[in-house]
Amino acid sequence: MKRTMQWLYDNWMKATPFLALYSAILIWMYVKDVNYALFLIWMQTPIYWAHEFEEYICPGGFLKFFNRKPLKSVQDEYPMTKAVSFWINIPLVYILLPLSGIVAHFWGIEWGLWTAYFSALNALAHVVMFFIFGLKYNPGLVASAILNIPFGIYTVWYFLSNHLVSTGVNIASIIFGIIAQASMMIYGFAYLVPKIKREGLRAE
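Since the structure is predicted, the reported quantities are computational estimates derived from the model, not experimental observations. (Residues numbered from 1 in each chain as written. Predicted model: local features only at pLDDT ≥ 70, side-chain atom pairs only at ≥ 80, totals over all residues. Heavy atoms only, no water.)

Draft legend 1. Expanded view of helix α5 (residues 82-107). Helix length check: α5 (26 residues) gives 35 Å between terminal C-alpha atoms against 38 Å at 1.5 Å per residue, within 8%. Turning to α5, its buried residues number three or more, namely Val84, Ser85, Phe86, Asn89, Ile90, Leu92, Val93, Leu97, Pro98, Ser100, Gly101 and Ala104. Elements that come into contact with the buried residues of α5 comprise α1 (2-11), α3 (36-56), α4 (62-68), α6 (114-132) and α8 (167-198). Looking at the residues trailing α5, positive phi occurs at glycine 108, about 140°. (Helix = DSSP H or I, 4+ residues; strand = E, 2+ residues; numbered from the N terminus. Expected span 1.5 Å × (residues − 1). Buried < 20%, exposed > 50% of the residue type's maximum accessible area, 1.4 Å probe, protein only. Contact = heavy atoms within 4.5 Å.)

Draft legend 2. Highlighting the packing of α5 against α8. Put simply, α5 and α8 touch, their axes get as near as 11 Å, and they point 170° apart. On the basis of their axis angle, the class for α5 and α8 is roughly antiparallel. The residues of α8 that touch α5, namely those facing Val84, Ile88, Leu92 and Leu96, are Phe176, Ala180, Met184 and Tyr187. Counted by class, the contact of α5 with α8 contains eight nonpolar, no polar and no charged residues. (Axes fitted to C-alpha atoms, helices over the stretch in contact; angles between N-to-C directions. Parallel < 35°, antiparallel > 145°, perpendicular 65-115°, else oblique. Nonpolar A, V, L, I, M, F, W, Y, C, P; charged D, E, K, R; others polar.)

Draft legend 3. Representation of the packing of aromatic side chains within the structure. Under the criterion given, the structure shown has 21 aromatic pairs. Between the aromatic rings of tyrosine 9 and phenylalanine 86, the centroid separation amounts to 5.3 Å while the plane-to-plane angle is 65°, which identifies the pairing as edge-to-face. Of this pair, tyrosine 9 sits in helix α1 while phenylalanine 86 sits in helix α5, and the two are 77 residues apart along the sequence. Classification of tyrosine 9 as buried rests on a relative accessible area of 15%. Between tryptophan 114 and phenylalanine 118, the ring centres sit 6.1 Å apart and the planes meet at 45°, which makes this aromatic pair tilted. Remark: phenylalanine 118 and tryptophan 114 occur in helix α6; sequence separation between them is four residues, near one turn of the helix. (Phe/Tyr/Trp six-rings, centres within 6.5 Å; stacked < 30°, edge-to-face > 60°.)

Draft legend 4. Structural context of the pattern of salt bridges. Applying the stated criterion across every chain yields a total of four salt bridges. Aspartate 33 is the salt-bridge partner of lysine 32, the closest N and O atoms lying 4.0 Å from each other. A relative accessible area of 23% places lysine 32 in the partly exposed class. (Salt bridge = Lys/Arg side-chain N within 4 Å of Asp/Glu carboxyl O.)

Draft legend 5. View of α1. Of all the positions in α1, only Met5, Tyr9 and Asn11 are classed as buried. Residues of α1 that are buried make contact with α5.

Draft legend 6. Representation of the nonpolar core. In this structure, Phe39, Met43, Ile109, Leu113 and Phe159 are the most contacted members of the largest nonpolar core, which totals 20 residues. Setting aside chain neighbours within four positions, we find leucine 113 in contact with Ile41, Thr155, Val156, Phe159, Val165, Asn170 and Ser173. Of all hydrophobic cores here, the second largest spans 17 residues; its members include Tyr9, Phe62, Phe65 and Val193. (Core = buried A, V, L, I, M, F, W, Y, C linked by side-chain atoms within 4.5 Å.)

Draft legend 7. Region of the structure containing the packing of α3 against α6. Running from amino to carboxyl end, α3 crosses α6 at an angle of 25°, the nearest separation of the two axes being 9 Å. Between α3 and α6, the crossing angle belongs to the class labelled roughly parallel. Considering only the axes of α3 and α6, their crossing is left-handed. Here Ile41, Gln44, Tyr48, His51 and Glu55 of α3 lie close against α6, whose contacting residues are Thr115, Ala116, Phe118, Ser119, Asn122 and His126. When the residues that make up the contact of α3 with α6 are grouped by side-chain class, the tally is four nonpolar, six polar and one charged. (Left-handed = near helix turned anticlockwise from the far one by under 90°.)

The quantities given are spatial measurements derived from coordinates; they are silent on function.
Next up, the structure:
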């Protein structure tokens, strides 16, 4: 079991280019012309997989960047380890985002809108880090700028301009998107930073 989990920690991200490409093709073929709003919700998932492809594979290096820069660790792969990355990304991106597409299909299109807010907010963090760290590239920045932010904003605009979501649900979507993004930031800065401080592994 331990070897299996280690294999998953090392290799989960390698599925992202194939998942992004093939799911986007299927969603385009079978959802776009049937229910355009649902198409926009479903597309948040392959777009985020493309985002992760840039973070972890081409060019990759997100763990090193996040550990060294925002967390200011003296180590490339600690405290944000491959295992931590797995347990953050799999439940959120591989389970919750697709599940939201299913919920939007069967229980109401408006309940998938939070995914657009989350995708845009997460991408915005990459843009903010670009400016904070001296106008330097960080893994995920390109996908954030050309996919996550434009598509997320367009999805929100489409839903609001076509009155597909009530004010209450829109506010709830914003809050849930913020919570999803904030949970990762809180874990990083409220738990991991104090952890490496205690261990004497934070650069001053």
